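Chains, contacts and geometry: an overview
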Amino acid sequence: MKNSSTQAAKRDSFASSFGVLVAMAGSAVGLGNLWRFPYLVGENGGAAFILIYLGFVVLAGLPVMLAEFIIGRRSQSSARSAFQKLAPGSHWGIVGVLGVICCVFIISFYSVVGGWCTEYLFKAVRFDFTDGSPESLKTMFSSFSTSTWLPIINHTVFLVLTAGVVIAGVQNGIEKFSKVMMPLLFLIIIGIAVRSMTLPGSGPGISFLFRPDWSKVTSQTFLAALGQAFFSLSLGSCMVVTYASYVKKDAKIISLSTQTAAADTVFAILAGCAIMPAVFAFGISPGEGPDLVFVTLPHIFSQMPVGGVIAILFFLALLLAALTSSISMLEVIVAFCIEEFKMKRKVAVALVFFFIWVLGCLCSLSMGPLSSWKVLGKNIFDLFDFISADFLMLIGGLLIVVFAGWKLGKKVVFDEVTNGGTHHVPAWLLKTMLFLIRYVAPAALLAIAIFQIHE
Ligand code: TRP
């Protein structure tokens, strides 16, 4: 008994609700918002995509986030043991293991793109884009990303920064870092959005974002919107379970989850406002795809008044957003190693760092020298993205809501969101939440899984 109480006392936790919010938002706001969201909006009919996306955030994203929050906060344990503790003697712990595996796959390719951000920040500081024609910027990006050493060096720098924060722990590392960086990130993106929306000729870009074009909407649009909602909110991979396990018993789960989802969505729309008006002002098609951030934007920055400074701020924002997300993925894996194998934090970070570094190098090389290594017709980078974002996150999300809604059940769910009855939550809200967790979210996730297999 004495032993377990000293262990519990030693477990790290967030110091304040604001700390939880910025850390959660830090995980959610990432390359998904600044890189994926704007080009998906561009390819899928502007505001039409945004509206469908918002629907999925509320109907499928929020219930899964709440379910993860309940599991993590109630168990105060990392991914696998959270499920084992709440359902002793069952096989539910596998969901936690899948979450850890999912984070390993995501962080491996994510940190390669994080490395592209450090390189492009460096290029921006050296004003490398100043007289860039679209062709030369395209060549600049493809020769960099397909080369051997430079992307690996950048990937290493990015992972060292990530590990440096995680090694300092939850309160002294993750919380402190997020408290400073997240407000800074919001300020930067608001500044860029203002610059972009006041450019001459930005009007069509603004109406593109806010006036829906339903003719571009197909069944693919719905798939893309749900997948993006999941990716952007970091769901289905036990990230929220892990962070919620560091949340105090008096924190209000429903408001924290809603605020996190709201912050992530507002940021995605701000990113759209920072990018689309400028894209239109310079007469570029909005459906540029993944090249948008590393080719199209540097070109636009090179043409824009004070574009050199905007480029530095933009790539700094991209790097910060990517860092706070990769920190949360690393924490899921590290917390798992600390609890399952009784490792010290430093040892766990070092081992996981090395493992992910190797996988990341393979992802990076798969853009160039190893591009002929293919599984299911995909290179390693795309394969990792596919396994995690298109498969593990969705399966994980489905199992998580089923676990919370049906295995834990109504009593535990209500008990957890009302903090054991001490925090008042209106009855209609409780009922709606349970309905979403039990029926709506599983139905949406099953539908997308069936579509995915059908393709
Ligand atoms: N939400 C992050 C982004 O938008 C990426 C992400 C996906 C993630 N899955 C995750 C982050 C799991 C942490 C854990 O870029």
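Residues numbered from 1 in each chain as written. Predicted model: local features only at pLDDT ≥ 70, side-chain atom pairs only at ≥ 80, totals over all residues. Heavy atoms only, no water.

Brief notes about the side chain of glutamate 68
Locating glutamate 68 in the fold gives a position in helix H4 (residues 47-75). Buried and unpaired, glutamate 68 has arginine 11 as its nearest opposite-charge partner, separated by 13 Å. (Helix = DSSP H or I, 4+ residues; strand = E, 2+ residues; numbered from the N terminus. Buried < 20%, exposed > 50% of the residue type's maximum accessible area, 1.4 Å probe, protein only. Lys, Arg positive; Asp, Glu negative; His and termini not counted. Salt bridge = Lys/Arg side-chain N within 4 Å of Asp/Glu carboxyl O.)

Considering the site of the ligand
If you check the shell around the ligand, you find 17 residues, and the closest are Ala28, Gly32, Tyr110, Phe231 and Ser234. A distance of 3.0 Å separates an oxygen atom of the ligand from a polar backbone atom of leucine 31. Relative to its unbound accessible surface of 360 Å², the ligand loses 100% to contact with the protein. Put simply, the ligand lies in the largest cavity. Of all the secondary structure elements, the ones that give two or more residues to the shell around the ligand are helix H2 (17-28), helix H3 (31-43), helix H6 (93-125), helix H11 (219-232) and helix H15 (307-341). (Near = heavy atom within 4 Å. Polar contact = N/O pair within 3.5 Å; in protein donor to acceptor, adjacent residues only side chain to side chain. Areas by Shrake-Rupley, 256 points an atom, 1.4 Å probe, with all protein chains shown as cover. 1 Å grid on protein atoms, 1.4 Å probe; cavity = no way out; pocket = protein on both sides within 12 Å on 5 of 7 lines; lining within 4 Å. Sits in = over half its atoms within 2 Å of the grid points.)

Some details on the environment of phenylalanine 280
Turning to its location among the elements, phenylalanine 280 is positioned in helix H13 (residues 253-281). Under the relative-accessibility criterion, phenylalanine 280 is labelled partly exposed at 22%. Residues within four places of phenylalanine 280 in sequence aside, it is in contact with Gly201, Pro204, Gly205, Phe208 and Pro286. (Contact = heavy atoms within 4.5 Å.)

A word on the pattern of salt bridges
Counted according to the given criterion, the structure contains 10 salt bridges. In this structure, glutamate 416 and arginine 74 form a salt bridge, with 2.8 Å as the shortest nitrogen-oxygen distance. With glutamate 416 in helix H17 (residues 380-417) and arginine 74 in helix H4, this residue pair connects regions lying 342 residues apart in the sequence. A relative accessible area of 29% places arginine 74 in the partly exposed class. Connected through salt bridges with shared partners, the residues Arg73, Arg74, Asp415 and Glu416 form a single ionic network.

Some points on the layout of surface pockets
The space that makes up the largest pocket amounts to roughly 1100 Å³. Surrounding the largest pocket, 41 residues form its lining, Arg36, Tyr39, Asp385, Ala389 and Asp390 being those nearest its centre. Counting only elements with at least two residues in the lining of the largest pocket, the list comes to H3, H6, helix H7 (134-145), H11, H17 and helix H18 (427-454). No other element matches H17, which puts 9 residues into the lining of the largest pocket. When its residues are assigned to classes, the lining of the largest pocket shows 24 nonpolar, 9 polar and 8 charged. (Points joined across faces, edges and corners; volume = space filled by probe spheres on them. Nonpolar A, V, L, I, M, F, W, Y, C, P; charged D, E, K, R; others polar.)

Here we look at a nonpolar patch on the surface
Where nonpolar side chains cluster on the molecular surface, the patch consists of Trp149, Leu150, Ile153, Val157 and Leu161 and spans about 490 Å² of accessible area. The topology assignment puts tryptophan 149 in helix H8 (residues 149-167). (Patch = residues over 30% accessible without salt bridge, like charges linked within 9 Å, V, L, I, M, F, W, Y side chains within 5 Å.)

Things to note about the packing of H4 against H17
As a packed pair, H4 and H17 sit with axes 9 Å apart at the nearest point and diverge in direction by 65°. The element H4 and its partner H17 pack so that their crossing is left-handed. Contacts between H4 and H17 pair Pro63, Val64, Ala67, Glu68, Ile70, Ile71, Arg73 and Arg74 from the former with Gly397, Ile400, Val401, Phe403, Ala404, Leu408, Val412, Val413, Asp415, Glu416 and Val417 from the latter. Tallied by class, residues from the contact of H4 with H17 come to 13 nonpolar, 1 polar and 5 charged. (Axes fitted to C-alpha atoms, helices over the stretch in contact; angles between N-to-C directions. Left-handed = near helix turned anticlockwise from the far one by under 90°.)

Notes on the nonpolar core
Counting residues in each nonpolar core, the largest one holds 166 residues, and the members touching the most others are Phe14, Phe69, Phe294, Phe314, Phe315, Leu318 and Met433. The element best represented in this core is H15, accounting for 20 residues. Sequence-distant contacts of methionine 433, that is, excluding residues within four places in its chain, are made with Leu66, Ile254, Val413, Phe414 and Val417. (Core = buried A, V, L, I, M, F, W, Y, C linked by side-chain atoms within 4.5 Å.)

Concerning empty space enclosed by the protein
Per the stated rule, a full pass over the model turns up 1 cavity of 30 Å³ or more. Volume-wise, the largest cavity comes out at about 150 Å³. Residue lining of the largest cavity: 18 residues in total, with Ser27, Ile106, Phe231, Ser234 and Met329 positioned closest to the centre. Residue assignment for the lining of the largest cavity shows that the elements contributing at least two residues are H2, H3, H6, H11 and H15. When its residues are assigned to classes, the lining of the largest cavity shows 9 nonpolar, 9 polar and no charged.

Describing the confidence of the model for the protein
For the protein, the average pLDDT comes to 92, and 97% of its residues sit at 70 or higher. When mean pLDDT is compared element by element in the protein, H8 scores highest at 98, while helix H1 (residues 2-10) scores lowest at 46. Per-residue pLDDT stays below 50 along residues 1-9; that stretch engages in 0 contacts with residues further than four places along the chain or on separate chains. (pLDDT = per-residue confidence, 0-100.)

Examining H8
Counted at 1.5 Å a residue, the expected span for H8 with its 19 residues is 27 Å, and the 26 Å between its end C-alpha atoms agrees. Where H8 is buried, its residues touch H6, H7, helix H9 (170-197), H15 and helix H16 (345-365). A positive phi of about 100° marks glycine 169, the residue just after H8. (Expected span 1.5 Å × (residues − 1).)

Observations regarding H13
Across its 29 residues, H13 extends 42 Å between first and last C-alpha, which sits within 8% of the 42 Å expected from 1.5 Å per residue. Counting buried positions along H13 yields 21 of 29 residues, so the element is predominantly enclosed. One or two steps after H13, the chain reaches glycine 283, where phi turns positive at roughly 65°.

Re the packing of aromatic side chains
Applying the stated rule across the entire model yields 32 aromatic pairs. Where phenylalanine 354 meets tryptophan 357, the ring centres are 6.5 Å apart and the plane angle is 25°; that geometry is what we call stacked. Of the two residues, phenylalanine 354 and tryptophan 357 are both situated in helix H16; the distance of 3 residues between them amounts to about one turn of the helix. Taking the ring centre of phenylalanine 386 as reference, the NZ or CZ of lysine 378 above it sits at 4.8 Å. (Phe/Tyr/Trp six-rings, centres within 6.5 Å; stacked < 30°, edge-to-face > 60°. Lys NZ or Arg CZ within 6 Å of the ring centre and 35° of its normal.)

A word on the side chain of serine 202
Assignment of secondary structure puts serine 202 in the loop between H9 and helix H10 (203-210). Assessed through its relative accessible area of 4%, serine 202 is described here as buried. Here methionine 197 takes part through its backbone oxygen, which lies 2.9 Å from a polar atom of the side chain of serine 202. Beyond its immediate sequence surroundings of up to four residues, serine 202 is in contact with Ser196, Met197, Pro277 and Ala281.

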